[in-house]
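Reading the structure
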Amino acid sequence: MTERIEGVSFVSSGTPEADRAADLLRQRYGDNGFDQATIVVALGGDGLMLQTLHRKMGRNVPVYGMNFGSVGFLMNEFSADGLAARLAAAKPTHIYPLEMNVRLADGSEHRALALNEVSLFRMTYQAVKVEILVDGQPRLEELICDGVLLATPAGSTAYNLSAHGPILPIDSPLLALTPISPFRPRRWRGAILNNRAVVTFRTREAEKRPVSAVADNVEFQRVIEVTVRENRSQKVTLLFDPGTGLDERVLSEQFRY
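Here's a quick rundown of the structure. Values in this document were obtained by computation on a predicted structure and should not be read as measured data.

Cis geometry is adopted by the peptide bond preceding Pro-185, which originates at Arg-184 and carries an omega value of -10 degrees. As for its position among the elements, Pro-185 is in the loop between β10 (174-184) and β11 (191-194). Although it is not a glycine, Arg-222 sits at a positive phi angle of roughly 55 degrees. Looking at Arg-222, the relative accessible area reads 40%, which means it is partly exposed.

Structure below.
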């Protein structure tokens with residue numbers, strides 16, 4: 001039985017299971033094509049969801065995920081039946097990305113967006129040395145560490161949580177600044193910042209201690225300075241089944257042990 005859904009498009013992570021589900025759903029509900037879609041259904045894991053959101057960023061096209069991955073924190077459960085009703089009842093969650101501007105050792109400058117976090121990492125066996133400024137004011141003169149990250153509320157349950165950073169409510173106007181394996185100051189565990197804050201990372205001894213900067217899956221190597229701020233003009237929208245929204249998932253994550 002076919003039940004066409006106007007404006008829908010399906011994307012798959014490429015696994016055999018996800019591809020079979022995508023073929024089934026296209027036969028049943030049709031497919032308007034990704035570029036013309038007014039709603040996208042992503043079949044895969046959280047990685048596919050992030051990729052799809054990046055591709056539709058700023059275009060006001062919501063994405064509804066169905067899980068064929070390992071974790072599926074950003075996904076709904078898969079079912080081929082009643083998709084039109086599920087999409088109609090789905091609740092939106094809006095996420096605003098971080099904008100990363102980097103200056104490299106060769107003098108070039110680059111920009112990238114991150115929905116989860118912007119991270120700085122050591123490129124060699126030596127720890128990095130980083131100065132941290134917030135709104136142009138030095139806050140930490142020298143952090144010696146494996147790395148440091150700035151996470152959105154949506155990303156606070158991802159790598160930020162693994163690095164022992166705080167979980168932020170999904171609708172909170174906050175960002176999490178979290179060190180990765182800090183050596184000095186050893187007891188510094190990071191900071192919770194207002195989402196209007198502009199955070200600047202300045203690397204020290206960059207030739208001896210090279211640093212890479214990553215915005216989700218976009219990486220730049222041998223960075224000298226990285227500036228990060230929230231970009232309110234590039235909103236993305238995730239859709240969740242009622243009672244399973246990202247706010248509930250983030251809250252539940254705080255009570256896991």
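Glancing now at the nonpolar core. Core analysis: the biggest nonpolar cluster contains 31 residues, and Met-100, Ile-132, Phe-201 and Val-226 have the highest contact counts within it. Ranked by the residues each element gives to this core, the list is headed by strand β9 (residues 137-151), at five residues. When residues no more than four places from it in sequence are discounted, the contact partners of Met-100 are His-110, Arg-111, Ala-112, Val-118, Ala-213, Val-214, Ala-215, Phe-220, Val-226 and Thr-227. Counting 26 residues, the second largest nonpolar core, distinct from the first, contains Val-11, Met-49, Leu-53 and Met-57.

On to the packing of aromatic side chains. Throughout the structure, instances matching the rule amount to two aromatic pairs. Ring centres 6.0 Å apart and planes at 25 degrees place the aromatic pair Phe-121 and Tyr-159 in the stacked group. With Phe-121 in strand β7 (residues 117-122) and Tyr-159 in helix α4 (residues 159-162), the pair connects residues that are 38 residues apart, well separated along the chain. Given a relative accessible area of 24%, Phe-121 falls into the partly exposed group. When the ring centre of Phe-34 is taken as origin, the NZ or CZ atom of Lys-56, which lies over that ring, is 4.4 Å away. Above the face of the Phe-183 ring, Arg-184 is positioned so that its terminal group lies 4.5 Å from the ring centre.

Using the criterion set out here, one finds 12 salt bridges in the structure. Across the pair Arg-209 and Glu-205 runs a salt bridge whose closest N-O atoms are separated by 2.9 Å. Accessibility expressed as a relative area gives 12% for Arg-209, which makes it buried. What you see here is one network of salt bridges that share partners, running through Asp-23, Arg-26 and Asp-31.

The element strand β5 (residues 98-104) is extensively covered by neighbouring structure, given that five of its seven residues are classed as buried. Strand direction decides the pairing type here: β5 and strand β6 (residues 109-114), joined by six bridges, are antiparallel. Of the residues in β6, the one forming a bridge with Met-100 is Ala-112. Connecting β5 to the next strand, β6, in antiparallel fashion are four residues, including Gly-107 with a positive phi near 90 degrees.

Bridging between β7 and β9 involves five bridges; their strand directions are antiparallel. Looking at β9, one finds that Phe-121 is bridged to Gly-147. In this sheet, strand β13 (residues 211-215) lies alongside β7 in antiparallel orientation, the contact comprising five bridges. Residue pairing across strands places Ser-119 opposite Val-214, the latter belonging to β13.

With that out of the way, let us pick up helix α5 (residues 246-253). Taken together, the buried positions of α5 are Leu-246, Arg-249 and Val-250. For α5, the angular spread of the buried residues around the axis is 100 degrees, confining them to a single face. Residues of α5 that are buried sit in contact with β4 (91-95) and β16 (236-240).

Right, let's talk about the side chain of Thr-178 for a bit. The topology assignment puts Thr-178 in strand β10. Reaching out from Thr-178, the side chain makes a polar contact with the side chain of Asn-160 at a distance of 2.6 Å. With near-sequence residues (within four places) excluded, Thr-178 lies in contact with Val-148, Leu-149, Asn-160, Ala-163, His-164, Gly-165, Pro-166 and Gly-190.

We now examine helix α2 (residues 46-55). Of the residues making up α2, those classed as buried are Leu-48, Met-49, Leu-50, Thr-52 and Leu-53. Elements that come into contact with the buried residues of α2 comprise β1 (8-12), β2 (39-44), β3 (63-67) and β16.

Definitions and cut-offs
- Residues numbered from 1 in each chain as written.
- Predicted model: local features only at pLDDT ≥ 70, side-chain atom pairs only at ≥ 80, totals over all residues.
- Heavy atoms only, no water.
- Helix = DSSP H or I, 4+ residues; strand = E, 2+ residues; numbered from the N terminus.
- Buried < 20%, exposed > 50% of the residue type's maximum accessible area, 1.4 Å probe, protein only.
- Core = buried A, V, L, I, M, F, W, Y, C linked by side-chain atoms within 4.5 Å.
- Contact = heavy atoms within 4.5 Å.
- Phe/Tyr/Trp six-rings, centres within 6.5 Å; stacked < 30°, edge-to-face > 60°.
- Lys NZ or Arg CZ within 6 Å of the ring centre and 35° of its normal.
- Salt bridge = Lys/Arg side-chain N within 4 Å of Asp/Glu carboxyl O.
- Pairing = 2+ DSSP bridges.
- Arc of directions from axis to C-beta.
- Polar contact = N/O pair within 3.5 Å; in protein donor to acceptor, adjacent residues only side chain to side chain.

Everything listed is a geometric property; what it means functionally is a separate question.
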